[in-house]
Amino acid sequence: MNLNLNDVLPFSSIFGKTPDERRPSRLLMLLEGRALLELSALPLAMPWLMSRVPKGDGHTVLVLPGLMADDNSTIPLRRFLNSRGYQTSGWGQGPNLGPRKGVLTRLRKTLADLHAQSGRKVSVIGWSLGGVYAREMARESPDRVRQAMALGSPLYGDPDSSSNASQLYKFVSGRNDVDPGERGDGPPPGVPMTAIFTRSDGIVAWGCSIEKKGPLSDNIEIVCASHSGLGVHPLALYAIGDRLAQPEDGWKHFKPTGPERALYPAVSPSR
């Protein structure tokens, strides 16, 4: 029996310099269980995060869960952002079962309500499928969205060949295809857009989770993280906090300073 190592662990996906849009290997998918370790590392990393992530200006942040997840999955992230002075909100629609009838309409209303209540633009963060929603909301309502972030989100590519969750998506959403407008294809939104990704993602091909290069777009790589733990990974939370603290009219590309420079790749790929 001839074993092709790339069928087990696609080294180009992890160490390569060019975007990889192939479905993650079976081994990477099995290693998604390390998300529990990433969650358990968060309390240990909290003193560092609290000392290095600046306080925010108090604007509202809407956080959207991934496929099959609900607001409970984003509690650690929202608690951290609350501690930094932001007003956070979950999406309030139970498990994310895809863009079923009424889901996007209710999401638009939530954004409108949060914008009206605060009188300020809202930042929107989405994990996995939630990041696709966040990106589209930013593109659709730049007058209400301050910036958008996507964590391991399938922004581009063919879901059937680039995601280990495509069949699950079809089953729970009741759809046999993915509308490009709901997946995220197209130009980046006209507001700051940050894609946070990891080459060791076991669910979505990392090359499909990076944004096109532009003056208002950023791609931040988290080394050796899992897809399922990306929203609780200390390095991802640091990057999120750094991005949210950017002045509304003075957004700049991610450029960590001090000891954090060693924790992030010096150059991130882009489409």
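Here we come to the packing of aromatic side chains. Applying the stated criterion across every chain yields a total of five aromatic pairs. Their ring planes at 80 degrees and their centres at 5.1 Å tell us that Phe-254 and Tyr-264 sit as a pair that is edge-to-face. Here Tyr-264 lies in the segment after α11 (234–244) and Phe-254 lies in the segment after α11, a separation of 10 residues in the sequence. The class of Phe-254 is buried, set by a relative accessible area of 14%. Members of the aromatic cluster, connected to one another through ring pairs, are Trp-48, Tyr-238, Phe-254 and Tyr-264. Positioned over the ring face of Trp-206 is Arg-199, at 4.4 Å from the centre of the ring. A cation over an aromatic ring shows up here: Arg-271 above the ring of Tyr-156, its NZ or CZ 4.2 Å from the ring centre.

A cluster of nonpolar side chains, contributed by Leu-27, Leu-30 and Leu-31, occupies part of the molecular surface with about 280 Å² of accessible area. Among the secondary structure elements, Leu-30 is positioned in helix α3 (residues 26–30). A relative accessible area of 69% places Leu-30 in the exposed class.

Here is what the cut-offs are and how they apply
- Residues numbered from 1 in each chain as written.
- Predicted model: local features only at pLDDT ≥ 70, side-chain atom pairs only at ≥ 80, totals over all residues.
- Heavy atoms only, no water.
- Phe/Tyr/Trp six-rings, centres within 6.5 Å; stacked < 30°, edge-to-face > 60°.
- Helix = DSSP H or I, 4+ residues; strand = E, 2+ residues; numbered from the N terminus.
- Buried < 20%, exposed > 50% of the residue type's maximum accessible area, 1.4 Å probe, protein only.
- Lys NZ or Arg CZ within 6 Å of the ring centre and 35° of its normal.
- Patch = residues over 30% accessible without salt bridge, like charges linked within 9 Å, V, L, I, M, F, W, Y side chains within 5 Å.
- Areas by Shrake-Rupley, 256 points an atom, 1.4 Å probe, with all protein chains shown as cover.
- Salt bridge = Lys/Arg side-chain N within 4 Å of Asp/Glu carboxyl O.

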